[in-house]
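Read off the chains here:
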Amino acid sequence: MSARGLVLLGQCMPCIKQNASKIRIRRMELDKNLNMYFKKDTFFFAHDPQKVCKTGDIVLIRELPERLTRLITHKVEKVVYPLGDITDPISGKKVVVGKYREDIEMANQLFGKSEKAFDYDKAPARGRLEGTKDFTHGETYIKYHEDGKDQPFAV
């Protein structure tokens, strides 16, 4: 459809489509009456047969040369930032609250590490709690009615 190869950065959202991921692109739109910018969300369906991105990941998507279906117009290029591990986009360093992890480690070396301090090097990667507390891997579906049953994957 388009030969320009548009690349967008967005966040992966829960999706019920097969071989596709729903990506939210957030832009700032100017309201000329108030002379202020407001958030405007646009949603695209991106071809993702391997399910590379999970809900909450920040991904790069590229426009396909022609549409696969009526809705699928883009494809997932790569996962830029997985959900959970915050990385500063400019320096590329890992961040905890408002400080770099390196600065926290240097302070721990100078003043001694607390016994209750969290060790980020020993922490497991995302996915350890799949099925118990992390339900981003499950197949999502639309909940049409309340039947009293627990429906953890409903959208």
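Per an unreviewed UniProt entry, the protein chain goes by 28S ribosomal protein S17, mitochondrial and derives from Drosophila hydei. Turning to the protein chain, the UniProt record has this under Sequence similarities (unreviewed entry): "Belongs to the universal ribosomal protein uS17 family."

**Q** Sorry if this is basic, but what is going on with the overall build of the protein chain here?
**A** Helix and strand counts for the protein chain stand at 1 helix and 7 strands. Shown N-terminal to C-terminal, the secondary structure of the protein chain runs as helices and strands in the order β-β-β-β-β-β-β-α. Approximately 11800 Å² of the protein chain is accessible, and the part contributed by carbon and sulfur atoms is 54%.

**Q** Got a minute to help me understand a nonpolar patch on the surface in this structure?
**A** Judged by side-chain polarity, Met-28, Leu-30 and Tyr-37 come together as a nonpolar surface patch covering roughly 320 Å² of accessible area. With respect to the element layout, Leu-30 can be found in strand β2 (residues 20-31). On the accessibility criterion, Leu-30 (35% relative accessible area) is partly exposed.

**Q** Sorry, what's going on with the side chain of His-74 here?
**A** Mapped onto the elements, His-74 comes out in strand β5 (residues 72-81). Using a relative accessible area of 3% as the deciding quantity, one classes His-74 as buried. Within the structure, the side chain of His-74 is placed 2.7 Å from the side chain of Thr-73, a separation counted as a polar contact. Those residues in contact with His-74 that lie beyond four places of it in its chain are Leu-8, Phe-44, Phe-45, Ala-46, His-47, Ile-61, Arg-62, Glu-63 and Leu-64.

**Q** Before we go on, may I ask you to explain unusual backbone geometry in this structure?
**A** Most of the time, phi is negative for any residue but glycine, and the peptide bond is trans. The backbone of Asn-19 shows a phi angle near 55°, a positive value even though the residue is not glycine. Among the secondary structure elements, Asn-19 is positioned in the loop between β1 (7-13) and β2. By relative accessible area, Asn-19 is classed as partly exposed at 39%.

**Q** What am I meant to see in the sheet that holds β2 here?
**A** The strands that make up a sheet are held in pairs by hydrogen bonds between backbone atoms, and each pair lies either parallel or antiparallel. One closed barrel accounts for 5 strands, arranged β1-β2-β3-β5-β4; its pairing is mixed. Averaged over all adjacent pairs, the angle separating strand axes in this sheet is 50°, with direction ignored. Of the strand pairs in this sheet, strand β3 (residues 36-47) and β5 are connected by 3 bridges, and their pairing is parallel. Note that in β5 the partner of Ala-46 across the bridge is His-74.

**Q** Explain the pairing of strand β4 (residues 58-63) to me, please; I cannot follow it from the model alone.
**A** A regular strand places its side chains so that they alternate between the two faces of the sheet. The alternating pattern of β4 places Val-59, Ile-61 and Glu-63 on a buried face and Ile-58, Leu-60 and Arg-62 on a face that is not buried. Summarising the sheet, β4 and β5 pair through 6 bridges and their orientation is antiparallel. Across the sheet, Glu-63 pairs through a bridge with His-74, a residue of β5.

**Q** Before we go on, may I ask you to explain the nonpolar core in this structure?
**A** Soluble globular proteins tend to pack their nonpolar side chains together in the buried interior. Core analysis: the largest hydrophobic core is formed by 10 residues, namely Leu-8, Cys-12, Ile-23, Ile-25, Phe-44, Ala-46, Cys-53, Val-59, Ile-61 and Val-76. Within the residue set of this core, elements represented by two or more residues are β1, β2, β3 and β4. Not counting chain neighbours up to four residues away, the residues in contact with Val-76 comprise Ala-46, His-47, Asp-48, Cys-53, Leu-60 and Ile-61. Of all hydrophobic cores here, the second largest spans 5 residues; its members include Cys-15, Ala-20, Phe-45 and Leu-64.

**Q** Mind showing me how you'd approach the pattern of salt bridges here?
**A** Pairing between side chains of opposite charge can happen when their charged atoms approach one another. Evaluated as defined, the whole model comprises 7 salt bridges. Between Arg-62 and Glu-77 there is a salt bridge, with the nearest N and O atoms lying 3.4 Å from each other. One end of the pair, Arg-62, is in strand β4; the other, Glu-77, is in strand β5, with 15 residues separating them in the sequence. For Arg-62, a relative accessible area of 30% puts it in the partly exposed group. The class for Glu-77 is partly exposed, based on a relative accessible area of 35%. A salt bridge links Lys-113 to Asp-119; its shortest N-O distance comes to 3.9 Å. Judged by its relative accessible area of 24%, Asp-119 falls in the partly exposed class.

How each quantity is defined
Sequence order sets the numbering: in each chain, residues are counted from 1 along the sequence as written. Totals for whole chains, interfaces and linings use all residues, but because this is a predicted model, local features are given only for residues with pLDDT of at least 70 and pairs of side-chain atoms are given and counted only at 80 or more. With hydrogens and water set aside, each side-chain value is computed from the structure's full complement of heavy atoms. UniProt positions are given in the numbering used here, feature names are shortened, and annotations may be inferred rather than shown by experiment. Counting from the N terminus, the helices are DSSP H or I runs at least four residues long and the strands are E runs at least two residues long. Exposure was quantified through the Shrake-Rupley algorithm and a 1.4 Å probe, taking into account, for residues, occlusion by the shown protein chains and nothing else. Only residues whose relative accessible area exceeds 30% and that form no salt bridge enter a patch; like-charged residues are grouped when within 9 Å of one another, and nonpolar side chains (Val, Leu, Ile, Met, Phe, Trp, Tyr) when within 5 Å. Salt bridge, as used here: a side-chain nitrogen of Lys or Arg that lies within 4 Å of a carboxyl oxygen of Asp or Glu. Partly exposed residues are those whose accessible area sits between 20% and 50% of the maximum for their type, while under 20% is buried and over 50% is exposed, using a 1.4 Å probe and protein chains only. In protein, a polar contact requires one atom able to donate a hydrogen and another able to accept it; more generally it is a pair of N or O atoms within 3.5 Å, and residues adjacent in sequence count only if both atoms are side-chain atoms. Every residue pair with non-hydrogen atoms within 4.5 Å of one another is taken to be in contact. Pairing between strands requires that DSSP locate at least two bridges from one strand to the other. To obtain each axis, a line is fitted to C-alpha atoms, and for helices this fit is confined to the stretch in contact; angles are then taken between N-to-C directions over 0 to 180 degrees. Note on terminology: a nonpolar core comprises buried Ala, Val, Leu, Ile, Met, Phe, Trp, Tyr and Cys residues joined through side-chain atoms within 4.5 Å.

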